[in-house]
Amino acid sequence: MSFEGFTRFLCDPVNFAFVPETIEPDEEDLRYPLSHYYINSSHNTYLTGHQLKGPSSSEMYRQVLLTGCRCVELDCWDGDDGLPLIYHGHTLVSKIGFRQVVEIIKKSAFITSDLPVILSIENHCSLQQQAKMAQMFKTVLGDLLVTNFLFEADFSDSPRLPCPLQMKNKILIKNKKMIVDVPTPLPMIDRGAIQRGETNLTLHRKQSKNSYESSTVDEVEDDDLDEFLDDEENEEDDQEEVPVRGEKDDSPKASKRAEKSARNIKQQDSLCSDHSVEQAKPSTSKSASKTNEGKTEDEVLYAQLAQNAIRNQQPRKNNTGVQIAPELSDIVIYMQATKFKGFPPVEGIQSPRLIVEDPPTSTTSLSFSTRSRTPSTLLSTPAPPRRQRSSTQLSQELQSEYLSSARPNATATCYQVTSLNENAAKKLMKRHPAKCISYTRDHLIRTYPSAKHYDSSNFNPINCWAHGMQMVALNFQTPDVIMAVNQAMFEQSGNCGYQLKPRCLWDESHLLYNKFLPLSKDIAGHSALLLNLTIISGQHVYPNTHYASLYVEIEVIGIHNDCVREKSKVVQRNSVNPIWNHTTQLRIACVDLAFLRIAVCDSGQNGRVVAHRVVPVKCIRPGFRHLPLRTSTNLPIDNAMIFLRTRFEQEEHIYLHDDDSNSYCNLEHTLAYRTDLTPNLSPTPILKKQIFVLRITGAFADETAITVHSESGSTVKTVMQQALLNAGKNADQVEEYVLIEESLPAPSGEDPIEQRVLPLNEPIMDAVACWNGSMRRFVLRKKGSDPSSRAWITSIIKSGTGGSSTSVSPSPLIKDGHVKSASSNQLHGRSLDTDAEHLEVTEGLNPRARSMGDTFLVCVHNVSEDQPYAILRAGINSTAADIIRQVFVKARRPNVDDAEYVLVEETCDDTKINQVTPKYPNNRTTSRVLGPNENVWKAQSRWKSMGRFVLENRKDTVHATLEKDFLEMAKLLREGIPKKDETYYMIHYAGLPGEDI
């Protein structure tokens, strides 16, 4: 291949780092209930700009639906001519006709995606015009509109939401529904409503009191949420959303204006827009004029409109509100808007289930033939008159006549949809994160911007997504960074508008099921994905400019623990082909909700973003790739690309302590990228990188342990610096501290505590490699300037060069004068100097040996020439063959035949040797070859003193040991070994397999 051909190959779209245009939705991922998906949602869809002024347009519905949005909002108000209108009430925006919007929705709903569309109704109409709305829905949408319960599960005692695949080319209405049967009340009941004499059968609601926030009958008041929180302190939510860089957020003027705006709308910024201004009192003109001093035009307009809305609603304050028209209620099926009254009991939350029912084969019939886990028949659901039914429908109806009188479980809570603004969502997520996640497994929650976003800006949806909230409604008319994140979220599923939530939120088999808490710092303790990223260069990154001085800003947008941002160097006066060569490693704990943003910024214009791109991390193709850039408004730029290299690694945590092993886990992160050259192949397995989780005490007075992540090559100095940083201390003062390795006292108290000061340049894992069979710990101590402190450290250093150094030295056990005992007689688990009862795990255990739950720590020496040892965490039932297999996997030697190697146990047993054969030297070790099916944990637990496992070739070890031991035994026999011992030896060797003799 020529250089030109290679260049074309690299720049071809088939090799781009992320190509969303080629992604097709996977039908297997569309067979779960609707509550298991994120749904692309729009807020106040009809607006083209500002929330308080400017034009409304029905064309916005077309544009939004064509981008893949599946949930649009319709604010419906009474029209003067008897026909409903859509506009933002009590504001200066223009009005558009209701029927015109519905017709555009029908034409544009299923061009980009054939998955269901949800129409979120904000209902302010009278009964008469509500009936006209329902009639227009039926007339215009026809068979696209879902007007009945369609599936067998809807008629069962345990109903569930349908899956997107079942609802292809269908439109769902989200609105309040009249329920005749009294539903089972949730645990938290509105006591204020009971005092007012209201019941669940009352379908009244209050009129909209706010000039901005979305107001539907299902939204929640602050009082309602405070009552649910059971008299918890109504403190302000100090968990700020993760900042995402945008041009508007950089200027001090903008930040001051935001703070001032937040103070002005404090009363309006509540959970429900219907009641957010109800408590506010209109100010007099004099006080208003004083208050308006220093405000922007938008802020003054907002305050005036809010006060006008209050005056307009005050005469109707005692009105019971507008009821829901039966005609409109009848077409509300799976999306029943309701107030949030609290979380149901735990047993009331259903476990996730895969829906294997086939999708409808006809778009003209609302009676779907389904196939569930058990054989099922078609249900007779409400249908058109008999003369309009086909012969197939009539025959199916006759076959299931016994179900003709069945009634759908319309009061099931899984059909209820709750709307919360971002402030209410934050409050719930902060105080009840686990309950939010559990609730959203079977219930839908829609969130929308609070009143402070009256300029149509957006809030970060990541936190809501992380807690399982499905419909995060955003202002599509504002193409900011948040909208780029939202677009990247749904691009990874082919822009179909539905993205399956991370499995830790709903899959019972996931390791983090019921343990995933996005706002908790503990999430960082689990194994993460490592993204090694190199921004090499750029091509034509600044349109129409060639001499700008540019730098690259790299940012991870995700949950709080994953967010990070860094900048590259500035390349002076070159925007055609700037070369940065910026390398970084990004640690990502929650890959499913992590997005990589690469922004090219102009240093000469105060860091203005001239081009950027947001992509989901798990969809990035590894290797050398080009990534096309977009404008700050997320529009493509011709020929603008970033040349980068990506490489993924996966942490594999080796926990040295019981608590860490039980609290955290190793997660298997998966990537979702596909290549056009091999579209049917799954991503290659991610290489694993061992990370050792250490605990260091002594940094605090109360001996609180600090968790430090270390690699195999990390030095003692590096570990000490990390420990000081994690403790909030100055890492530059590491020379003033020492790290001491000390043994833990045995339960019996017989063994003395051994201590050793570790040199700063010593690899920390060399010390850990000698912990086999014993438990030790690291202690961080400050040297101090007093004589007693210096004397104490000196005594430890001196003792460390003596006897204690032997116990922690990584040098081999075999020394000069070492005579292996008859170790060949210990092949296949047999041992001369180990009694039979010692083979039981309950007998002969070292009192210091510990099992960390179902796993234990083991170190294997002599792995390879470039890897002297490997530290593993293995299951307590692991055999020698299992350990050998794991060692070669960690050493990345997959082509080695495991059967050619054996695991040799070497232990010191000076006491026993001196008692039995006092002639032998004191420094004596016992070697034993473990059988392939021998339990390694039991063998390690029987060690009374120092020991280790060595990996050796089977042929070299077995034959060399046999030859040497035969010579040793013959010598002993000549020197007068008792006859009974001689017989014992001969019987043992006779039992060896023939190929080993």
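About the criteria used
Residues numbered from 1 in each chain as written. Predicted model: local features only at pLDDT ≥ 70, side-chain atom pairs only at ≥ 80, totals over all residues. Heavy atoms only, no water. Helix = DSSP H or I, 4+ residues; strand = E, 2+ residues; numbered from the N terminus. Buried < 20%, exposed > 50% of the residue type's maximum accessible area, 1.4 Å probe, protein only. Areas by Shrake-Rupley, 256 points an atom, 1.4 Å probe, with all protein chains shown as cover. Polar contact = N/O pair within 3.5 Å; in protein donor to acceptor, adjacent residues only side chain to side chain. Contact = heavy atoms within 4.5 Å. Salt bridge = Lys/Arg side-chain N within 4 Å of Asp/Glu carboxyl O. Phe/Tyr/Trp six-rings, centres within 6.5 Å; stacked < 30°, edge-to-face > 60°. Pairing = 2+ DSSP bridges. Axes fitted to C-alpha atoms, helices over the stretch in contact; angles between N-to-C directions. Parallel < 35°, antiparallel > 145°, perpendicular 65-115°, else oblique. Left-handed = near helix turned anticlockwise from the far one by under 90°. Nonpolar A, V, L, I, M, F, W, Y, C, P; charged D, E, K, R; others polar. pLDDT = per-residue confidence, 0-100. Core = buried A, V, L, I, M, F, W, Y, C linked by side-chain atoms within 4.5 Å.

J.: Would you mind going over the overall build of the protein with me for this structure?
T.: Check the secondary structure of the protein and you find 25 helices and 31 strands. The burial tally for the protein puts 53% of its 997 residues in the buried class. As displayed, the protein offers around 44,900 Å² of accessible surface, 50% of which is attributable to carbon and sulfur atoms.

J.: In this structure, what is going on with the side chain of H443? I would like to understand it.
T.: Mapped onto the secondary structure, H443 falls in the loop between α13 (433–439) and β11 (444–448). For H443, a relative accessible area of 1% translates into the label buried. In this structure the side chain of H443 is engaged in a polar contact, spanning 3.1 Å, whose partner is the side chain of T413. Looking at H443, its side chain comes within polar contact range of the main-chain oxygen of Y439, at 3.0 Å. When residues no more than four places from it in sequence are discounted, the contact partners of H443 are S35, P344, T413, C414, Q416 and Q470.

J.: Sorry if this is basic, but what is going on with the pattern of salt bridges here?
T.: Inspection of the entire model under this criterion finds 26 salt bridges. In this structure, the salt-bridge partner of D507 is R503, at a minimum N-O distance of 3.5 Å. With a closest N to O distance of 2.9 Å, E905 and R928 form a salt bridge. Here E905 is found in strand β29 (residues 901–908), whereas its partner R928 is found in strand β30 (residues 925–929), with 23 residues between them in sequence. Taken individually, E905 and R928 each receive the classification buried, so the pair is uniform in this respect. Ionic contacts of the salt-bridge type, sharing partners, join the residues E553, E555, R565 and R597 into one network.

J.: Would you mind showing me how to read the packing of aromatic side chains here?
T.: Where two aromatic rings form a pair, the distance of their centres and the angle of their planes describe that pair. Under the criterion given, the structure shown has 14 aromatic pairs. Ring centres of F340 and Y439 lie 5.8 Å apart, and the angle between their planes is 90°; this geometry places the pair in the edge-to-face category. Placement of F340 in the loop between β9 (335–337) and α11 (391–399) and of Y439 in helix α13 is noted, with a sequence separation of 99 residues between them. Residue Y439 is classed as buried on the basis of its relative accessible area, which comes to 3%. One aromatic cluster in this structure is built from Y38, W465 and F490.

J.: Looking at this model, I keep getting lost on the pairing of strand β28 (residues 869–875). Mind explaining?
T.: Look at any regular strand and the pattern is simple: side chains alternate between the two faces of the sheet. Burial within β28 is extensive, with six of its seven residues counted as buried. In terms of strand pairing, strand β27 (residues 855–861) meets β28 through seven bridges, oriented antiparallel. Its bridge partner being in β28, F856 is matched across the sheet by A874.

J.: Please explain the sheet that holds β28 as it appears in this structure.
T.: What links the strands of a sheet is backbone hydrogen bonding, and the strands pair in either a parallel or an antiparallel sense. With mixed pairing, five strands are arranged side by side in an open sheet as β28-β27-β31-β29-β30. Because the sheet does not close on itself, it has two edges, and the strands there are β28 and β30. Strand-to-strand twist across the sheet, computed as the mean angle between neighbouring axes with direction ignored, equals 35°. Helix α21 (residues 880–890) rests against β27, β28, β29 and β31 (947–953) of the sheet, and its axis sits at about 130° to β28.

J.: Sorry, what's going on with helix α15 (residues 481–491) here?
T.: Residues spaced three or four apart along an α-helix face the same direction, because each turn holds 3.6 residues. With 10 of 11 residues buried, α15 is to be regarded as a mostly interior element. Residues of α15 that are buried include every one of V481, I482, M483, A484, V485, N486, A488, M489, F490 and E491, and no others.

J.: Would you explain the packing of helix α2 (residues 59–66) against helix α3 (residues 98–108) in this entry?
T.: Working note: a packed helix pair is described by the angle between its axes plus the distance between those axes. Relative to each other, α2 and α3 sit at 25°, their axes nearing to 9 Å. As the angle between them shows, α2 and α3 are arranged roughly parallel. The two elements α2 and α3 cross, and the hand of that crossing is right-handed. Each of E59, Y61, R62, L65 and L66 in α2 lies in contact with α3, whose residues at this interface are V101, I104, I105 and S108. Taken together, the residues that form the contact of α2 with α3 break down as six nonpolar, one polar and two charged.

J.: Before we go on, may I ask you to explain the environment of K177 in this structure?
T.: Note on placement: K177 falls in the loop between β8 (171–175) and α5 (191–195). For K177, the side chain forms a polar contact with the main-chain oxygen of S329, separated by 3.0 Å. Polar side-chain contacts of K177 include one of 2.9 Å to the backbone oxygen of V332.

J.: Hey, could you run me through the confidence of the model for the protein in this one?
T.: Close inspection of predicted coordinates is inappropriate for parts of the model with low pLDDT. The predicted model of the protein has a mean per-residue pLDDT of 74, with 64% of residues at 70 or higher. For the protein, per-element mean pLDDT is lowest for helix α20 (residues 803–808), which scores 36, and highest for strand β1 (residues 37–42), which scores 97. Overall, residues 245–291 carries pLDDT values under 50, and its contacts beyond four positions in sequence, including any with other chains, amount to 91 contacts. Scored below 50 in pLDDT, residues 979–997 makes 30 contacts in the model with residues more than four places away or belonging to other chains.

J.: I'm lost on the nonpolar core in this one. Help?
T.: A general feature of soluble globular proteins is that nonpolar side chains tend to end up buried together. Residues Y61, L74, L119, F137, Y334 and W465 are the most contacted members of the largest nonpolar core, which totals 115 residues. Not counting residues up to four positions away in its chain, the partners in contact with Y334 are V146, N148, F149, L150, F151, D154, L161, P162, M167, L172 and Y415. Within the second largest apolar cluster, 38 residues are counted, among which are Y542, I620, L627 and I637.

J.: How should the packing of α3 against helix α4 (residues 127–141) be read in this particular structure?
T.: Orientation of α3 relative to α4, taken along the N-to-C sense of each, is 30°, at an axis distance of 10 Å. One element, α3, and the other, α4, form an angle in the roughly parallel class. By crossing handedness, the relation of α3 to α4 is classed as right-handed. Residues F98, R99, V102, E103 and K106 of α3 pack against M133, M136, F137, T139, V140 and L141 of α4. Per-class residue counts for the contact of α3 with α4 are seven nonpolar, one polar and three charged.

J.: Sorry if this is basic, but what is going on with the environment of K341 here?
T.: Inspection of the secondary structure assignment puts K341 in the loop between β9 and α11. Looking at K341, the relative accessible area reads 25%, which means it is partly exposed. Taking the C-alpha atoms as reference points, K341 and T418, 77 residues apart in sequence, are found 9.5 Å from one another.

J.: Any chance you could explain the side chain of R756 here in plain terms?
T.: Along the chain, the position of R756 falls in strand β25 (residues 755–757). Of the polar contacts made by the side chain of R756, one reaches the side chain of E762; its length is 3.3 Å.

J.: I tried to follow helix α12 (residues 422–431) on my own but got confused; where do I start?
T.: In terms of burial, α12 is largely enclosed, as eight of its 10 residues are buried. All of the buried residues in α12 are E422, A424, A425, K426, K427, L428, M429 and R431. Of the residues that open α12, the one with a side-chain oxygen 3.0 Å from the backbone nitrogen of N423 is N421.

J.: What is the right way to look at unusual backbone geometry in this model?
T.: Trans is the common state for peptide bonds, and a negative phi is the common state for residues other than glycine. The residue N169 is not glycine, and still its phi comes out positive at about 55°. Examined against the element boundaries, N169 turns out to sit in the loop between α4 and β8. The phi torsion at H540 lies on the positive side, around 55°, for a residue other than glycine. Along the chain, H540 turns up in the loop between β14 (529–539) and β15 (550–557). Residue H540 is classed as partly exposed on the basis of its relative accessible area, which comes to 43%.

J.: Could you clarify how one ought to interpret the environment of S456 in this entry?
T.: Within the secondary structure layout, S456 lies in the loop between β11 and α14 (462–466). Ignoring anything within four residues of it in the chain, the contact list for S456 reads G49, H50, Q51, N475, Q477 and T478.

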